[in-house]
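These are the residues of each chain, in order.
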Protein chains: 2
Amino acid sequence: MLRLAKLADYGLLIACHLANLSDELVKLEQVAEATQLPVPTVRKVMKLLVDQGVVRSERGMKGGYALSRPANRISIGEVIIAVEGGLALTECCLDACQCDMAQACTVQNNWNVINQTIGEMFSRITLADMNRPLSRSDVLKYVEERSPNLLDYVAVG
Amino acid sequence: MLRLAKLADYGLLIACHLANLSDELVKLEQVAEATQLPVPTVRKVMKLLVDQGVVRSERGMKGGYALSRPANRISIGEVIIAVEGGLALTECCLDACQCDMAQACTVQNNWNVINQTIGEMFSRITLADMNRPLSRSDVLKYVEERSPNLLDYVAVG
DNA sequence: CCAATTCATTACCAATTTGGTATTGATTTA
DNA sequence: TAAATCAATACCAAATTGGTAATGAATTGG
């Protein structure tokens, strides 16, 4: 139903791995071994994470990778967006609505609302959270614990 | 970030269209025209919807398609699953966890919890809901309005 | 200053997935 | 029996995606 690209999944795995090492710099190959992922793939994902400021890197003999912030200040949404490059459940209505049906745009707009709600949930779950078992009610808390102002921040319909 | 396949999007559009016609049988071509989708594509999606019991069909000269239940008793989750054939955000840990990292499976398990939460949200939003503008707080209600028992139904960690 | 190590960047490829098409068959109505 | 309409199968082309290879740039340490 909802698909998360493998690379995004990898990115999350990698980020959660880094989250367990605090500030220590780890080499690409170490990460690859720890996560059981191919080295070139880890390299690719790392680049994306570095580009988006989720991970910092240092070159040279003592170089390596580490999270650029504490794990509890990096959201999984940030990681996913970094790797997948954006968030969009549907494609229509992004630039200009080509479809004629007025009703279609109601549907599309509703999707956007749903999408944003999920996106906000993802922006509230951190890497630190992901490294300990989450219960279902934990997840719900992330949805519910938003400021009332935010609730209707996005005007619709 | 989260991608919904085009076909699933189409399926939703089609289902929402049918939802506006109550029990009236509509022909494939009419649906194609109304939704601005290619006829063969609509046919493909229809087949999936019929197979899963979301839509009923009748052959012959007075044949056509209609929802198999009232629009407020068909969830968008049902439609999406019908077209996409299942729900899975990630792939690991579906059959057997191949990865060594114990931590990896914590992450994967958390994903499952998140996935199920979203899935349940989708099972609470109906086609009828999708045909009127939803506000963000509406969406939240669907997440919150679950019985307390359900909350911790899925044991984790 | 040079060599070794490690990350950065670019370009590329192979394979799966996906959206879409065409054709032939089955069923109902008139 | 003929026309209309859905059903089913097989197929294709294009886009996406996961993964590879090779070369370049920066840092450390002798």
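Here the structure is a predicted model, which is why all the values come from computation and not from measurement.

Some points on the environment of Lys-6 of chain B
(1) Moving on: Looking at where Lys-6 of chain B falls in the secondary structure, it is placed in helix 1 (residues 6-19).
(2) Moving on: Along the primary structure Lys-6 of chain B and Val-83 of chain B are separated by 77 residues, whereas in three dimensions their C-alpha atoms are 9.9 Å apart.

Considering the packing of helix 1 (residues 6-19) of chain A against helix 4 (residues 76-84) of chain A
Residue and element names in this part refer to chain A.
(1) Moving on: In contact at an axis separation of 9 Å, helix 1 and helix 4 are set at 135 degrees when each is read in the N-to-C sense. In this view, helix 1 runs oblique relative to helix 4, as classed from their interaxial angle. In this structure, the crossing between helix 1 and helix 4 has a hand that is right-handed. Here helix 1 contributes Leu-7, Ala-8, Gly-11, Leu-12 and Ala-15 to the contact with helix 4, which in turn contributes Ile-76, Val-79, Ile-80, Val-83 and Glu-84.

Re the nonpolar core
(1) Moving on: Leu-127 of chain A together with Leu-127 of chain B are the most contacted members of the largest nonpolar core, which totals 85 residues.
(2) Moving on: Residues within four places of Leu-127 of chain A in sequence aside, it is in contact with Leu-12, Ala-15, Cys-16, Ala-19, Leu-67, Ala-71, Ile-74, Ile-76 and Val-79 of chain A.

Here's the deal with the pattern of salt bridges
Residues and elements named next belong to chain A.
(1) Moving on: In the structure shown here, the tally under the stated rule is 10 salt bridges over all chains.
(2) Moving on: For Glu-58, the salt bridge identified is with Arg-56, shortest N-O distance 3.3 Å.
(3) Moving on: For Glu-58, a relative accessible area of 41% corresponds to the partly exposed category.

A look at the side chain of Thr-126 of chain A
(1) Moving on: Within the fold, Thr-126 of chain A resides in the loop between helix 5 (102-122) and helix 6 (127-130).
(2) Moving on: Not counting residues up to four positions away in its chain, the partners in contact with Thr-126 of chain A are Ala-71, Asn-72, Ile-74, Ser-75 and Ile-76 of chain A.

Focus on the packing of aromatic side chains
(1) Moving on: Counting across every chain of the model gives 2 aromatic pairs over all chains.
(2) Moving on: Plain terms: the ring middles of Trp-111 of chain A and Phe-122 of chain B are 5.6 Å apart, the flat faces sit at 85 degrees to each other, and that makes the pair edge-to-face. Here Phe-122 of chain B lies in helix 5 (residues 102-122) and Trp-111 of chain A lies in helix 5, a pairing that spans two chains. Accessibility assignment for this pair places Trp-111 of chain A and Phe-122 of chain B in one class, buried.

Section: helix 3 (residues 39-51) of chain B
(1) Moving on: With 13 residues, helix 3 of chain B extends 18 Å from end C-alpha to end C-alpha; this agrees with the ideal 18 Å at 1.5 Å per step.
(2) Moving on: Packing partners of the buried residues in helix 3 of chain B comprise helix 1, helix 2 (28-35), strand 1 (55-58), strand 2 (64-67) and helix 4 (76-84) of chain B.

Section: the confidence of the model for chain A
Residues and elements named next belong to chain A.
(1) Moving on: Mean pLDDT over chain A works out to 78, with 76% of the residues at or above the 70 mark.
(2) Moving on: Confidence, expressed as mean pLDDT per element, reaches its minimum in chain A at helix 8 (residues 148-151) with 35 and its maximum at strand 2 (residues 64-67) with 95.
(3) Moving on: In this model, residues 92-99 is a region of pLDDT below 50 whose contacts with residues beyond four sequence positions or in other chains number 9 contacts.
(4) Moving on: Contacts of residues 147-157 to residues separated by more than four positions or lying in other chains number 16 contacts, the stretch itself having pLDDT below 50.

Calculation rules
Residues take numbers from 1 onward in each chain, read along the sequence in its written order. Numbering of ligands from 1 and lettering of chains from A proceed in the order in which they are written. Selection of residues for local features in this predicted model requires a pLDDT of at least 70, selection of side-chain atom pairs for listing and counting requires 80 or more, and totals for whole chains, interfaces and linings are taken over all residues. As a rule here, side-chain values come from all non-hydrogen atoms in the structure, and water together with hydrogens is ignored. In this text, helices come from DSSP runs of H or I with a minimum length of four residues, and strands from runs of E with a minimum of two, each type numbered from the N-terminal end. Convention adopted: a line fitted to C-alpha atoms gives each axis, helices being fitted over their contacting stretch, and angles between N-to-C directions are expressed from 0 to 180 degrees. Should an angle fall under 35 degrees it is called roughly parallel, over 145 degrees roughly antiparallel, and 65 to 115 degrees roughly perpendicular, with every other angle called oblique. The crossing is said to be left-handed when, going from far helix to near helix, the turn is anticlockwise and less than a right angle, and right-handed when the turn is clockwise. In this description, contact between two residues means that some pair of their heavy atoms is separated by no more than 4.5 Å. For this analysis, a nonpolar core means a set of buried residues of the types Ala, Val, Leu, Ile, Met, Phe, Trp, Tyr and Cys, connected via side-chain atoms within 4.5 Å. Working definition: with a 1.4 Å probe on protein chains only, accessible area under 20% of the residue-type maximum means buried, over 50% means exposed, and in between means partly exposed. Only one rule defines a salt bridge in this text: a Lys or Arg side-chain nitrogen within 4 Å of an Asp or Glu carboxyl oxygen. We call Phe, Tyr and Trp rings a pair once their centres come within 6.5 Å, taking the six-membered ring for Trp, and we label the pair stacked below 30 degrees between planes, edge-to-face above 60, and tilted otherwise. The span one expects for a helix is its residue count, reduced by one, times 1.5 Å. Confidence of the predictor at the level of single residues is captured by pLDDT, which takes values from 0 to 100.

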